[in-house]
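Chains, contacts and geometry: an overview
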There are 2 protein chains.
Amino acid sequence: MKKLVNNPVNVVDEMVEGYVRAHPDYIKQLSSNNRALVTVRETKQNKVGILIGGGSGHEPGFMGYVGEGMADGVAVGNIFSSPSPDPILEVTKSINKESGVVYLYGNYAGDVMNFGMAAEMADLEEDIEVGMAIATDDVASAPKEEKEKRRGIAGELFIYKAAGAAADFGCNLEEVVRIARKANDHTWSMGVGTSPCYHPQTGKPSFEIGDDEMEIGLGHHGEPGLEKGPLETADKLADRLLNDILIDSGITKGDEVAVLVNGLGSTPKMDLYIVYRRVEQILSEQGIKIYCSYVGDYITSLEMGGCSVTLMKLDDELTKVMDHPVNCPMFVQK
Amino acid sequence: MKKLVNNPVNVVDEMVEGYVRAHPDYIKQLSSNNRALVTVRETKQNKVGILIGGGSGHEPGFMGYVGEGMADGVAVGNIFSSPSPDPILEVTKSINKESGVVYLYGNYAGDVMNFGMAAEMADLEEDIEVGMAIATDDVASAPKEEKEKRRGIAGELFIYKAAGAAADFGCNLEEVVRIARKANDHTWSMGVGTSPCYHPQTGKPSFEIGDDEMEIGLGHHGEPGLEKGPLETADKLADRLLNDILIDSGITKGDEVAVLVNGLGSTPKMDLYIVYRRVEQILSEQGIKIYCSYVGDYITSLEMGGCSVTLMKLDDELTKVMDHPVNCPMFVQK
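Every chain is numbered on its own, with residues counted from 1 as its sequence reads. As a convention, the first chain written is A and the first ligand written is 1, with the rest following in written order. For this predicted model, a pLDDT threshold of at least 70 governs which residues receive local features, and a threshold of 80 or more governs which side-chain atom pairs are given and counted, while totals over whole chains, interfaces and linings are taken from all residues. Only hydrogens and water are removed before side-chain values are computed, so all heavy atoms of the structure are retained for them.

1. Describing the overall build of chain A
Looking only at helices and strands, chain A features eight helices and 14 strands. When its C-alpha atoms are laid out on the principal axes, chain A stretches across 50 × 50 × 35 Å. Each residue is placed in one exposure class: buried if its accessible area under a 1.4 Å probe, protein chains only, is under 20% of its type's maximum, exposed if it is over 50%, and partly exposed if it falls in between. Of all 334 residues assigned to chain A, the portion counted as buried reaches 65%. Any two residues whose heavy atoms approach within 4.5 Å are treated as being in contact. A separation of at least 24 residues holds for 72% of the contacts in chain A among residues at least 6 apart in sequence. Carbon together with sulfur atoms contributes 46% to the accessible area of chain A, which is approximately 11500 Å² in total. Distance between charge centroids for chain A: 4 Å, based on 31 positive and 51 negative side chains. Here a strand is any run of E in DSSP of at least two residues, a helix any run of H or I of at least four, and the numbering for each starts at the N terminus. Here the Shrake-Rupley method, with its probe set to 1.4 Å, supplies the accessible areas, and only the displayed protein chains count as covering residues. In this tally Asp and Glu are treated as negative and Lys and Arg as positive; neither His nor the chain ends contributes. By convention, the point assigned to a charge is CZ for Arg, NZ for Lys, CD for Glu and CG for Asp.

Rendered as structure tokens:
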């Protein structure tokens, strides 16, 4: 394991410091908590605040998505660990514009607990109304009937985008929550891991895998997938991932989708576009219309190898939020 | 070596196909040559055309930089190999708006030969005037007195940006060439490699390196660097890279710079921001003002590990080109 770091104990704080210094026109740390970052832009009074967060190691997720059209603030956790309630509460207080704050995070026990506690504190101590939408897009992580048990993976990007746009459009808290949850209900992802990442402090790989193996349905912290098998071609892999998504989602001929092919960290853009090529072929063959596409590293797992495919089934409302422009340090859309 | 590919012989063509299908609102292949890609946007009549290109494997370089504010077209080569004159000529013919075309590429023998041949053919066969600016930003690759012998690495991003903006501003061919060359003269990079990439067809690593070693000054095809040494901390590495740049460039107190910390492919954003943190500290200590910063994977080498640091010394003219907005599939700046 080779890392460009200093003392591994400090990686998150040093990354955050570097990030804030690289993008002072976008983001700042709150003086009350250095893991609490908020936008520097003036947001409209009464705009619902959008708060995101989770463990570090998923960059650009999550701090890369604070900015115009996306989140107003982020609570930063340790590597692959939820932030504690404290930075979440500090961000909440800072971004509340008298219309409440919506928390967006992935469905992991630590996040559910810490964001839940922060929401209670915001309500009881600060009289701030908090809504929540929890990402559960990972098809591989639980059966269809138990979508609420599924993990959140790269599809979180679309949920942030939906909520950020809704808040910009002037929706109230209830509406922003509705649209964010609808975005989640319309979003399905399937991932594959080919090589692990290494925790900077322990040096341990996130999972074990043979030299000619891949793991279908692997979670983005190395959680076990559906099955380990021989490394397949990009086309066969795309066939498999997309097939699982199409069966689970019921997306079919005549539907319109947003597509995300997300790299986990060390997979070249070349490979991602080769996977996208096949995804586009299949969707086209099946009469499913691609409205917009994102290909790149959007939610990573340090230097993990592999990718995920995400489809979001669009309707007029979701098309409108996907069109909304974004201006964040690590994601800009005109 | 694990890749998400099909037949390795087809990686470039399949990548290009995936890319064009992912971004049909931005880019298209010319029917005359599938390695010749051009913007789909309407460019102003008489705008000088900007043509970029080089080997594949550097994505987002180079095809990711075709769009508003950057290049009008790109010629795509095989992995780490120059495109032949044919796609270069086809792009030239397509993007020429009666004001000539400027070629931007890195200082590699194959590129110099092929772009040179294409320029001659454009002149003799098509009566199109061609100008050129060749990137030579890699401090490690030749002594200061022989800057014209240096390789082009990540600093090419700034040269594209300068030329793209100048062409948008309505400058004529001579002026665009002058500004692009000036951008190159004001740009210095230093890289480090920690792990090789693997050629999809041969499966061979781009260089050999020990488990606890790094190579300072490594080129982005694995060309030998200045020295191999033990893996250093991010801070010590940043000190070394920046020190070499500052000595070579003469950038000093009171100067203003654009900064790029570029990942080579598999280096987490976490590590890049930790390196940036130290770069910012040093520049701040030395009284050098950072005007703007870019941190991420801008010119990669497949899954190579490592990064580079680039400084561009700004004046009023170069500040103006850096401010110019960009809208490309893999790089958007508002």
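On we go from here.
2. Concerning the sheet that holds strand E2 (residues 33–39) of chain B
Across a sheet, strands are paired by hydrogen bonds formed along the backbone, either parallel or antiparallel in direction. Residues and elements named next belong to chain B. Sheet architecture is open: six strands sit in the order E1-E2-E4-E3-E5-E6, paired in mixed fashion. A single partner strand is all that each edge strand has here, and the edge strands are strand E1 (27–30) and strand E6 (130–135). Sheet twist, expressed as the average angle between the axes of neighbouring strands with direction ignored, equals 25°. DSSP-based pairing: two strands are paired if at least 2 bridges between them are found. Sheet topology note: the strand E3 (residues 49–56)/strand E5 (residues 101–106) ladder contains four bridges and is parallel. Bridge pairing in E5 links Ile 50 to Val 102. A fitted line through C-alpha atoms represents every axis, and for helices the fit uses only the stretch in contact; the resulting angles, taken between N-to-C directions, go from 0 to 180 degrees. Across the sheet, helix H4 (residues 156–168) is in contact with E3, E5 and E6; its angle to E5 comes to roughly 170°.

3. Some remarks on the environment of Phe 169 of chain A
All names here are of chain A. Relative to the helices and strands, Phe 169 is located in the loop between helix H4 (156–168) and helix H5 (173–185). Given the relative accessible area of 36%, Phe 169 is considered partly exposed. Taking C-alpha positions, Phe 169 is 40 Å from Thr 194, a pair spaced 25 residues apart along the chain. Beyond its immediate sequence surroundings of up to four residues, Phe 169 is in contact with Lys 320, Val 321 and His 324.

4. Remarks on the interface of chain A and chain B
A common way to report how large an interface is uses the accessible area buried once the components associate. The interface is formed by 60 residues belonging to chain A together with 60 residues belonging to chain B. Summed over both partners, buried area is the accessible surface (1.4 Å probe) that two parts give up on being assembled. A buried area of about 4900 Å², summed over both sides, lies between chain A and chain B, and 64% of it is on carbon and sulfur atoms. The largest per-residue losses of area from chain A upon contact with chain B belong to Lys 2, Leu 4 and Met 270 of chain A, which jointly make up 19% of the total buried on that side. We define a salt bridge as a contact between a side-chain nitrogen of Lys or Arg and a carboxyl oxygen of Asp or Glu at a distance within 4 Å. If you look at where chain A meets chain B, you find seven salt bridges.

5. A short note on helix H1 (residues 11–22) of chain B
Along its twelve residues, H1 of chain B runs 16 Å from first to last C-alpha, staying within 8% of the 16 Å computed at 1.5 Å per residue. With respect to burial, H1 of chain B is a largely interior element, nine of its twelve residues being buried. Of all the residues in H1 of chain B, the buried ones are Val 11, Val 12, Glu 14, Met 15, Val 16, Gly 18, Tyr 19, Val 20 and Ala 22 of chain B. In the core, the buried residues of H1 of chain B are packed alongside helix H7 (269–285) and strand E11 (289–296) of chain A together with E1, E2, E3 and strand E4 (73–79) of chain B. For a helix, the expected span equals 1.5 Å multiplied by the residue count minus one.

6. Overview of the domain arrangement of chain A
Residues and elements named next belong to chain A. An automatic or database domain assignment provides the domain bounds reported here. Split by domain assignment, chain A resolves into domain 1 (8–186 + 326–333) and domain 2 (187–322). On the domain 2 side, the residues contacting the 41 residues of domain 1 number 42 residues. Of the roughly 3600 Å² buried between domain 1 and domain 2 on both sides combined, carbon and sulfur atoms contribute 62%. A per-residue breakdown of the area domain 1 buries against domain 2 is headed by Phe 80, Phe 158 and His 186, which together make up 20% of the total. Run the count over domain 1 and domain 2 and you get four salt bridges. The closest approach of N and O atoms between Arg 178 and Glu 317, which form a salt bridge, is 2.7 Å.

7. A look at the pattern of salt bridges
Residue and element names in this part refer to chain A. The tally for this structure, following the rule as stated, stands at 51 salt bridges over all chains. In this structure, Asp 239 engages Arg 278 in a salt bridge whose closest nitrogen and oxygen atoms are separated by 2.7 Å. Of this pair, Asp 239 sits in helix H6 (residues 234–249) while Arg 278 sits in helix H7, placing them 39 residues apart in sequence. With relative accessibility at 17%, the residue Arg 278 sits in the buried group.

8. As for the relation of the copies chain A and chain B
Here the copies are superposed with least squares, the fitted atoms being C-alpha atoms of residues at a pLDDT of at least 70 in both. Turning chain A through 180° and shifting it by 0.0 Å along the axis lays it on chain B, with an RMSD of 0.0 Å. Here the transformation between the copies is reduced to the relation of a two-fold axis. Across chain A, the smallest distance between a C-alpha and the rotation axis is recorded for Ser 266 of chain A, namely 2.0 Å. Comparing interface residues between copies, 100% of those in chain A also lie at the interface in chain B; the contact surface is shared.

9. Digging into the environment of Ile 299 of chain A
All names here are of chain A. Mapped onto the fold, Ile 299 is located in the loop between E11 and strand E12 (305–313). Expressed as a C-alpha distance, the spacing of Ile 299 and Val 259, which sit 40 residues apart in the sequence, is 14 Å. Setting aside residues no more than four positions away along its own chain, Ile 299 makes contact with His 58, Gly 61, Phe 62, Tyr 65, Ala 154, Glu 156, His 220, Asn 262, Gly 263 and Leu 264.

10. With respect to the sheet that holds strand E5 (residues 101–106) of chain A
All names here are of chain A. Strand order in this open sheet of six strands is E1-E2-E4-E3-E5-E6, and the pairing throughout is mixed. Each having just a single partner strand, strand E1 (27–30) and strand E6 (130–135) make up the two edges of the open sheet. Each strand axis lies, on average, 25° off the axis of its neighbour in the sheet, ignoring direction. When E5 meets E6, the two strands line up parallel, connected through six bridges. In the strand pairing of E6, Leu 104 is matched with Ala 133. Relative to the sheet, H4 contacts strand E3 (49–56), E5 and E6, its axis offset from that of E5 by approximately 170°.

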